[in-house]
Amino acid sequence: MRDLLPPGVALQGERGIAFVIAGPSGAGKSSVISALLARDPRLVFSVSVTTRPPRPHEVHGRDYYFVSAAEFDRLLAEGALLEWTEYQGHRYGTPKSEVVPRLEQGLDVVLNVEVRGALALKGAGLGHPVVLIFLVPPSWEELVRRVRGRGTEDEAALRERLRIARHELSCIPAFEYLVVNDELEKAVARVEAIIQAERMRVVRCA
Ligand code: 5GP
């Protein structure tokens, strides 16, 4: 196909693309991302560092790199994080090493971050396309039900998650795509459609 293109024109998918999936607690970001990764070998997940303790099912190096506060400080001081944030008393950050080398290899990187992190990544000057996707549950009622159903936190922490979720929803206008996660399979198919379309985008190159 390449030989059909006029000079100075390329397909965006020839280079690595960062797909940033943000959205409130209860949107189902982790489930959607797991399904995407299982289906598309060109997608790799950016494993974040966090000072939050692991939940029972979580695996170090797969879900997060679980680090001490001192280790997080060291990464920050070294400039090893592309962005970071504090969320409910814990810190979370995106290691450059999870993103930059992979984009350079032509892989597409999927990130699971909160809203501020997503916007920071868009402005991080990665030199590769950064696509911002906002995932939501079908209604506020369903969001509350999912957050409560998780059952890993006390009432005060749940209320805080809901307060943060309200704020995050107000940032939807800064995103490029909005995907409703009413049923996992449908939501995954919608995000896959975005990924395919972004790869087929025609771009001018030098
Ligand atoms: P959880 O503790 O539920 O795993 O994650 C809490 C929030 O932190 C989620 O909204 C998740 O997307 C976000 N998060 C996870 N890793 C990062 C990161 O590296 N950077 C930012 N900005 N947010 C993150």
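Our structure's up above, just so we're on the same page.
Residues numbered from 1 in each chain as written. Predicted model: local features only at pLDDT ≥ 70, side-chain atom pairs only at ≥ 80, totals over all residues. Heavy atoms only, no water.

Asker: Is there a simple way to think about the environment of Ala197 in this case?
Answerer: Within the fold, Ala197 resides in helix α7 (residues 184-199). The class of Ala197 is partly exposed, set by a relative accessible area of 38%. When the C-alpha positions of Ala197 and Gly13 are compared, they lie 9.1 Å apart, and in sequence the two are 184 residues distant. (Helix = DSSP H or I, 4+ residues; strand = E, 2+ residues; numbered from the N terminus. Buried < 20%, exposed > 50% of the residue type's maximum accessible area, 1.4 Å probe, protein only.)

Asker: Got a minute to help me understand the packing of aromatic side chains in this structure?
Answerer: For the coordinates displayed, the defined rule picks out five aromatic pairs. Taken together, a centroid distance of 6.0 Å and an interplanar angle of 70° make the contact between Phe72 and Trp84 edge-to-face. Of the two residues, Phe72 sits in helix α2 (residues 69-77) while Trp84 sits in strand β6 (residues 81-87), which places them twelve residues apart along the sequence. With 5.0 Å between their ring centres and 85° between their planes, Phe134 and Phe175 make a pair best called edge-to-face. You can see Phe134 sitting in strand β9 (residues 130-136) and its partner Phe175 sitting in the loop between α6 (155-169) and β10 (177-180), a full 41 residues away along the chain. Looking at Phe175, the relative accessible area reads 10%, which means it is buried. Aromatic ring contacts, followed pair by pair, group Tyr64, Phe66, Tyr87 and Tyr92 into a single cluster. Above the ring of Trp140, the side-chain terminus of Arg166 is found at 3.9 Å from the ring centroid. (Phe/Tyr/Trp six-rings, centres within 6.5 Å; stacked < 30°, edge-to-face > 60°. Lys NZ or Arg CZ within 6 Å of the ring centre and 35° of its normal.)

Asker: Looking at this structure, I do not really get the sheet that holds strand β5 (residues 64-66). What am I missing?
Answerer: Adjacent strands of a sheet form backbone hydrogen bonds with each other and so pair up, either parallel or antiparallel. Taking strand neighbours across the sheet as the criterion, the four strands line up as β5-β4-β7-β6 in an open arrangement whose pairing is mixed. In this open sheet, the two strands that pair with only one neighbour each are β5 and β6. Pairwise comparison of adjacent strand axes, ignoring direction, gives a mean angle of 25° for this sheet. Its contacts with the sheet place helix α3 (residues 96-104) against β5, β6 and β7 (90-95), and it is angled at close to 20° to β7. (Pairing = 2+ DSSP bridges. Axes fitted to C-alpha atoms, helices over the stretch in contact; angles between N-to-C directions. Contact = heavy atoms within 4.5 Å.)

Asker: Got a minute to help me understand the sheet that holds strand β3 (residues 43-45) in this structure?
Answerer: Here five strands make up an open sheet; going across it, the order is β3-β8-β2-β9-β10 and the pairing parallel. A single partner strand is all that each edge strand has here, and the edge strands are β3 and β10. Looking at each pair of strands side by side, their axes are set apart by 25° on average, direction ignored. In this sheet, strand β8 (residues 108-112) lies alongside strand β2 (residues 18-22) in parallel orientation, the contact comprising four bridges.

Asker: Just checking my understanding: could you explain the pairing of β9 for this structure?
Answerer: Each regular strand displays side chains that alternate between the two surfaces of the sheet. Burial analysis of β9 places seven of its seven residues in the buried class, the great majority of the element. Sheet analysis places β2 next to β9, joined by five bridges and oriented parallel. From the neighbouring strand, Ile21 faces β9, where its bridge partner is Ile133. Inspection of the sheet shows β9 paired to β10 by four bridges, in the parallel sense. For Leu135, the partnering residue across the bridge sits in β10 and is Val179.

Asker: Before we go on, may I ask you to explain the site of the ligand in this structure?
Answerer: Around the ligand sit 17 residues in total, of which Arg52, Tyr64, Tyr92, Asn112 and Glu114 are the nearest. Between an oxygen atom of the ligand and a side-chain N or O atom of Arg55, the distance comes to 3.1 Å. One nitrogen or oxygen atom from the side chain of Glu83 is found 2.7 Å from a nitrogen atom belonging to the ligand. When isolated, the ligand has an accessible area of 520 Å², and the protein chains bury 94% of it. When residues of the shell around the ligand are traced back to their parent elements, those giving at least two are β6 and β7. The residue inventory of the shell around the ligand, partitioned by class, reads four nonpolar, six polar and seven charged. (Near = heavy atom within 4 Å. Polar contact = N/O pair within 3.5 Å; in protein donor to acceptor, adjacent residues only side chain to side chain. Areas by Shrake-Rupley, 256 points an atom, 1.4 Å probe, with all protein chains shown as cover. Nonpolar A, V, L, I, M, F, W, Y, C, P; charged D, E, K, R; others polar.)

Asker: Help me understand α6 in this model?
Answerer: Working note: α-helix, 3.6 residues per turn, so residues spaced by three or four point in the same direction. Its 15 residues place the ends of α6 21 Å apart at the C-alpha level, agreeing with the 21 Å of an ideal helix rising 1.5 Å per residue. Looking at the buried positions of α6, the neighbouring elements they touch are β6, α4 (115-122), β9 and α5 (140-150). (Expected span 1.5 Å × (residues − 1).)

Asker: I'm lost on the environment of Leu11 in this one. Help?
Answerer: In this fold, Leu11 is placed in strand β1 (residues 9-11). A relative accessible area of 22% places Leu11 in the partly exposed class. Separated by 194 residues in sequence, Leu11 and Cys205 have C-alpha atoms that sit 9.4 Å apart. Setting aside residues no more than four positions away along its own chain, Leu11 makes contact with Met1, Leu5, Arg199, Met200, Arg201, Val202 and Val203.

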